[in-house]
Amino acid sequence: MSKEKAPVTQAIRALREHKVDYTEHLYKYEDKGGTTVSARELGVDEHAVVKTLIMEDENKRPLIVLMHGDCEVGTGMLAKQIGVKKVHPCDPKTADKHSGYQVGGTSPFGTRHAMPVYMEASIAELPVIYINGGKRGFLVGVDPREVIRVLQPTLVTAAA
């Protein structure tokens, strides 16, 4: 753990507002390193590191997908479960616009625009997850039940 002070991002403000207990974890961000790097730097299982993905359906409606770090999103499976024809990841510029965060630092908490949240169901079974705190190189450790309480995601089975 570095001596650096954790930033107070929109995500942190949202967590505080909802009285969520969390731990702060700063690490050295590596461009395109993803959850492999954050898991290694924190010394945790990549399965417990949850990525926040901004996607769109065929009508360009944005949505958030929370997925285990060591899994991909089966977009066809997801589309079928949420009742749309197609789901695809947004390009980084569009994702930044929807979320208000920079890709690599996207948190599902405190987004610029409210979006429906879909969470891989098995995430709820973990004792603790590490999810982005709203800045590159900054994760928060939180009980997944708190994520469910605050974000009220639709649980899906879309891990590929």
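For clarity, every value in this text was computed on a predicted model and none was experimentally measured. (Residues numbered from 1 in each chain as written. Predicted model: local features only at pLDDT ≥ 70, side-chain atom pairs only at ≥ 80, totals over all residues. Heavy atoms only, no water.)

Here we look at helix α5 (residues 144–151)
Among all positions in α5, only P144, V147, V150 and L151 are buried. Along the axis of α5, the buried residues cluster in a sector spanning 120°; they form a single face. Considering only its buried residues, α5 is in contact with β3 (62–68), β5 (117–120), β6 (129–135) and β7 (138–142). Following α5 by one or two positions, Q152 adopts a phi angle in the positive range, close to 50°. (Buried < 20%, exposed > 50% of the residue type's maximum accessible area, 1.4 Å probe, protein only. Helix = DSSP H or I, 4+ residues; strand = E, 2+ residues; numbered from the N terminus. Arc of directions from axis to C-beta. Contact = heavy atoms within 4.5 Å.)

Observations concerning unusual backbone geometry
The phi dihedral of K19 is positive, around 55°, even though this residue is not glycine. The topology assignment puts K19 in the loop between α1 (10–17) and β1 (23–26). Judged by relative accessible area, K19 falls into the exposed class, the value being 70%. The backbone of K32 shows a phi angle near 65°, a positive value even though the residue is not glycine. Note on placement: K32 falls in the loop between β1 and α2 (34–42). Owing to a relative accessible area of 81%, K32 belongs among the exposed residues under this scheme.

Details of the UniProt feature "domain: YbaK/aminoacyl-tRNA synthetase-associated" (unreviewed entry) in the protein chain
Under the UniProt annotation, the feature "domain: YbaK/aminoacyl-tRNA synthetase-associated" (unreviewed entry) is placed at residues 38–149. The span residues 38–149 carries 24% helix and 31% strand; its end-to-end C-alpha distance comes to 25 Å. (UniProt positions renumbered as here; feature names shortened; annotations may be inferred.)

What to know about the pattern of salt bridges
What the rule picks out here adds up to 6 salt bridges. Residue R145 pairs with D143 through a salt bridge whose shortest N-O separation is 2.6 Å. Given the relative accessible area of 22%, D143 is considered partly exposed. Through salt bridges with shared partners, a single ionic network connects E30, R40 and E41. (Salt bridge = Lys/Arg side-chain N within 4 Å of Asp/Glu carboxyl O.)

So, the nonpolar core
Residues L66, F109, I129, I131 and V147 are the most contacted members of the largest nonpolar core, which totals 37 residues. If you list the elements that add at least two residues to this core, you get α1, α2, β2 (49–57), β3, β5, β6, β7 and α5. Leaving out residues up to four positions away in the same chain, I131 has contacts with V50, T52, L66, P108, F109, L139, V140 and V142. In terms of nonpolar packing, the next biggest core, distinct from the first, is built from 14 residues, M67, C71, V84 and Y118 among them. (Core = buried A, V, L, I, M, F, W, Y, C linked by side-chain atoms within 4.5 Å.)

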